[in-house]
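An overview of the molecular structure
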Amino acid sequence: MADLYRENILDHYRNPRNYGTIENADISYEDSNPLCGDRVRIDMRIEDGKIAEIKFTGRGCAISQASASMLTEMVEGADLDEIRELSAQDILDELGVPISPARVKCALLGLKVLKSAAYGITDWPEH
Amino acid sequence: MSTHTTTPPGTFDARQVKQDFPILQQTVHGKPLTYLDSAASSQKPLVVIEALDAYYRASNANIHRGVYWLSEHATALYDEAREKVARFINAPDPRSCVFVRNATEALNLVAYSWGRANLEPGDTVVLTLLEHHSNIVPWQIVTAERGATIRYVDIDHDGRLRLDQLDHYLRTERVKLVGVTHVANALGTINPVAEIAARAHAAGALVLVDGAQSVPHMPVDVQALDVDFLAFSGHKMLGPMGIGVLWGRREILEAMPPFLGGGDMIREVTTCGSTWADLPAKFEAGTPSVGDAVGLGAAIDYLTALGMDAVRAHEREIVAYALERLAQVPGVTLYGPTGEDRAGVVSFTLDDIHPHDIASILDSEGVAIRAGHHCAQPLMDRLGVVATARASFYVYNSEEDVDRLADALQTVRRIFGPGA
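Keep in mind it's a predicted model, so treat the numbers as computed, not measured. (Residues numbered from 1 in each chain as written. Chains lettered and ligands numbered in written order. Predicted model: local features only at pLDDT ≥ 70, side-chain atom pairs only at ≥ 80, totals over all residues. Heavy atoms only, no water.)

1. Thoughts on the overall build of chain B
Looking only at helices and strands, one finds 14 helices and 17 strands in chain B. Dimensions of chain B along its principal axes, counting C-alpha atoms only, are 70 × 55 × 40 Å. Counting over 420 residues, chain B shows a buried share of 58%. The contacts in chain B between residues at least 6 apart in sequence include a share of 70% that link residues at least 24 apart. If you sum the accessible surface of chain B, you get close to 16,100 Å²; carbon and sulfur atoms cover 52% of it. Of the charged side chains in chain B, 35 are positive and 51 negative, and the gap between their average positions amounts to 2 Å. (Helix = DSSP H or I, 4+ residues; strand = E, 2+ residues; numbered from the N terminus. Buried < 20%, exposed > 50% of the residue type's maximum accessible area, 1.4 Å probe, protein only. Contact = heavy atoms within 4.5 Å. Areas by Shrake-Rupley, 256 points an atom, 1.4 Å probe, with all protein chains shown as cover. Lys, Arg positive; Asp, Glu negative; His and termini not counted. Charge placed at Lys NZ, Arg CZ, Asp CG, Glu CD.)

2. A short note on the interface of chain A and chain B
Listed by partner, the interface residues are 19 residues for chain A and 14 residues for chain B. A buried area of about 1,300 Å², summed over both sides, lies between chain A and chain B, and 59% of it is on carbon and sulfur atoms. For the interface between chain A and chain B, the tally reads 1 salt bridge. Across the pair B:Asp357 and A:Arg103 runs a salt bridge whose closest N-O atoms are separated by 3.0 Å. Between the two partners, chain A and chain B, sit 8 residue pairs in polar contact (both at pLDDT 80 or more). The set of elements that each furnish at least two residues to the side of chain A that touches chain B consists of helix H1 (7–14) and helix H2 (62–75) of chain A. Tallying contributions element by element places H1(A) first for the side of chain A that touches chain B, with 3 residues. Counted by class, the side of chain A that touches chain B contains 13 nonpolar, 2 polar and 4 charged residues. (Buried area = accessible area lost by both parts, 1.4 Å probe. Salt bridge = Lys/Arg side-chain N within 4 Å of Asp/Glu carboxyl O. Polar contact = N/O pair within 3.5 Å; in protein donor to acceptor, adjacent residues only side chain to side chain. Nonpolar A, V, L, I, M, F, W, Y, C, P; charged D, E, K, R; others polar.)

3. What to know about the packing of H2(A) against helix H4 (residues 88–95) of chain A
Residue and element names in this part refer to chain A. The contact between H2 and H4 brings their axes to 10 Å, and the two run at 110°. When the axis of H2 is compared with that of H4, the two are roughly perpendicular. For the pair formed by H2 and H4, the contact residues are Ser 67, Met 70, Leu 71 and Met 74 on the first element and Asp 90, Ile 91, Glu 94 and Leu 95 on the second. Residues of the contact of H2 with H4, tallied by class, amount to 5 nonpolar, 1 polar and 2 charged. (Axes fitted to C-alpha atoms, helices over the stretch in contact; angles between N-to-C directions. Parallel < 35°, antiparallel > 145°, perpendicular 65-115°, else oblique.)

4. With respect to the pairing of strand S12 (residues 273–276) of chain B
Residue and element names in this part refer to chain B. Sheet topology places strand S11 (residues 266–270) next to S12; 4 bridges connect them, and they run antiparallel. Bridged to Ile 266 within S12 is Trp 276. Counted between consecutive antiparallel strands, the loop separating S11 from S12 contains 2 residues. (Pairing = 2+ DSSP bridges.)

5. Observations concerning helix H12 (residues 355–364) of chain B
Residue and element names in this part refer to chain B. Within H12, 9 of the 10 residues are buried, leaving the element largely enclosed by the surrounding structure. If you check which residues of H12 are buried, you get Pro 355, His 356, Asp 357, Ile 358, Ala 359, Ser 360, Ile 361, Leu 362 and Ser 364. Within two residues after H12, Gly 366 carries a phi angle of roughly 85°, on the positive side.

6. Let's talk about the packing of aromatic side chains
All names here are of chain B. Taken as a whole and judged by the stated rule, the model has 10 aromatic pairs over all chains. Ring geometry for Tyr 55 versus Tyr 56: centroids 5.0 Å apart, planes at 80°, classification edge-to-face. On the basis of relative accessible area, Tyr 56 is assigned to the exposed category, the value being 51%. Among the aromatic residues, those joined into a ring-pair cluster are Phe 21, Tyr 302, Tyr 394 and Tyr 396. (Phe/Tyr/Trp six-rings, centres within 6.5 Å; stacked < 30°, edge-to-face > 60°.)

7. Description of the nonpolar core
With 80 residues, the main nonpolar core has B:Ile89 and B:Val395 as its most contacted residues. Broken down by element, the residue count for this core peaks at 10 residues, all from helix H10 (residues 290–306) of chain B. Mapping this core onto the domain boundaries places at least three of its residues in each of domain 1 (14–32 + 307–414) and domain 2 (50–304) of chain B. When sequence neighbours within four positions are dropped, the list of residues in contact with B:Val395 reads B:Phe12, B:Ala14, B:Val17, B:Phe21, B:Leu238, B:Leu306, B:Val311, B:His314 and B:Glu315. The next biggest cluster of nonpolar side chains, apart from the first, holds 71 residues, and it includes A:Leu10, A:Val40, A:Leu86 and B:Leu405. (Core = buried A, V, L, I, M, F, W, Y, C linked by side-chain atoms within 4.5 Å. Domains from an automatic or database assignment.)

8. Looking at the domain arrangement of chain B
Residue and element names in this part refer to chain B. Domain boundaries in chain B define domain 1 (14–32 + 307–414) and domain 2 (50–304). Its C-alpha centre places domain 1 at a distance of 28 Å from the equivalent point of domain 2. Between domain 1 and domain 2, the residue contacts involve 34 residues of the former and 30 residues of the latter. The interface formed by domain 1 and domain 2 holds 2 salt bridges in total. As a salt-bridge pair, Asp 154 and Arg 382 come within 2.6 Å of each other at their nearest N and O atoms. Scanning the region where domain 1 abuts domain 2 turns up 17 residue pairs in polar contact (both at pLDDT 80 or more). Only helix H11 (308–327), strand S14 (345–350) and helix H13 (377–383) provide two or more residues apiece to the side of domain 1 that touches domain 2. Looking at the side of domain 1 that touches domain 2 element by element, the count peaks at 6 residues for H13. A per-class count over the side of domain 1 that touches domain 2 returns 18 nonpolar, 7 polar and 9 charged.

9. A few points about the sheet that holds strand S4 (residues 97–100) of chain B
Residue and element names in this part refer to chain B. Pairing in this open sheet of 7 strands is mixed, and the strands run S4-S10-S9-S8-S7-S5-S6 from one edge to the other. Edge strands, defined here as strands with exactly one partner in the open sheet, are S4 and strand S6 (149–153). Between one strand and the next, the sheet's axes are offset by a mean angle of 20°, whatever the strand orientation. Note that strand S5 (residues 124–128) and strand S7 (residues 175–181) share 3 bridges and pair parallel. Bridging from a neighbouring strand, Val 125 pairs with Leu 177 of S7. Across the face of the sheet, helix H6 (residues 163–172) comes into contact with S5, S6 and S7 while running at roughly 155° to S6.

And the structure:
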């Protein structure tokens, strides 16, 4: 059977956590994998230097969407430094299944979007 | 090659053919390998692998330079491979068959050499929505440089070209060239190239055919089609990677400026300038891939022994079976025409499961297919899909492979659940 498609991944794919957009988000960022058309957008609201609310929308394969869903759960309440320190391996560990080289880009799209959003600014926005 | 004693004349048994391909004898993830991605690259029979091995063991040297025996021997093998290519596509003159790396390079050669010299501001190049990126992007670069325009012939609901649009462009614009794929890599549509060439020529336009998906799979005769250029790749027709062919009408190739400059393509070089060698050397700057050309020659021998009519008949049968079998899998949507003008390519989607997820699960069942946009993004946009899954067939695929594909798709549905 396909190890890649364990129940927790399919569960995140079918019932994505934190799915949606945030009106008046402090930070929004979107990116895609041009080769397969996977797309993820992340909206965040920041309070006291931490992620108070994070939501994502997207479309694409189960791996890209499930990993984005998991990522939003991982970083709720995190601060900017924690986001910057988050590594690809952290996401792959969270997915907990072997990801073939061809699918790594799918698995890391959410992280790429989150990091781009975090690195695109020098500090969280002030209120 | 295997002896095919039990099959009627003019046909072959794909299961016996498969025995000639060492790579197909292995298992992946503990399952027999079911290779259904020959439109991306074909596998190689033992005779081709042995031809490469023999070349490097006994015949390798740089060509057209040495006066010693080995160099002359390598040169003779290279010329012989070119003659095999010419016979295979019924080219009147082997010197009009230029060895390149692949079909992409052949198409770029035409765009950069012919296009830069012949396109004027206000001219039009007509392409189609069925083209591979390799027959779009070079023209986008060169037409932008020359102030020319590209028009794209649309498709109908079945994935067939709208020839009425071609006629419209030929009638209303100054069309210098029509670039068309013989077989659409993403849909399998076999385009009526002879008909398109007749209409284009009547309007004074040249015809460039991307034969990457047709030359490996059916008899292709450049004189019968009456086209001006034909591009194809060796690696899709049982040959090695790194060798491809541009055939062109001799007088057109002779009038074209060189594409790449360097050794072997010159007659004389002075500090004031250079003059060009005759065909085909003018377009073959630098040391060519002689061993790969020899390997391509061996692949052509193998295909010729099977018979290209038999190859086409086999693929017609297997694609008909695949279309029937996949249509029985709930949730499958099939793309492309059904009929005589359908090559051995089946593009499909399954419910709203992303094709990459389909391909990953099929891989775990040992079934290798392609998933993505197939280097045909304009076509995907036109079909309203981001990507499709694609199974493509060749001489070594049998109905058993189709059955494995259909069974593996049931596994995909089980994992994602009905209506996923």
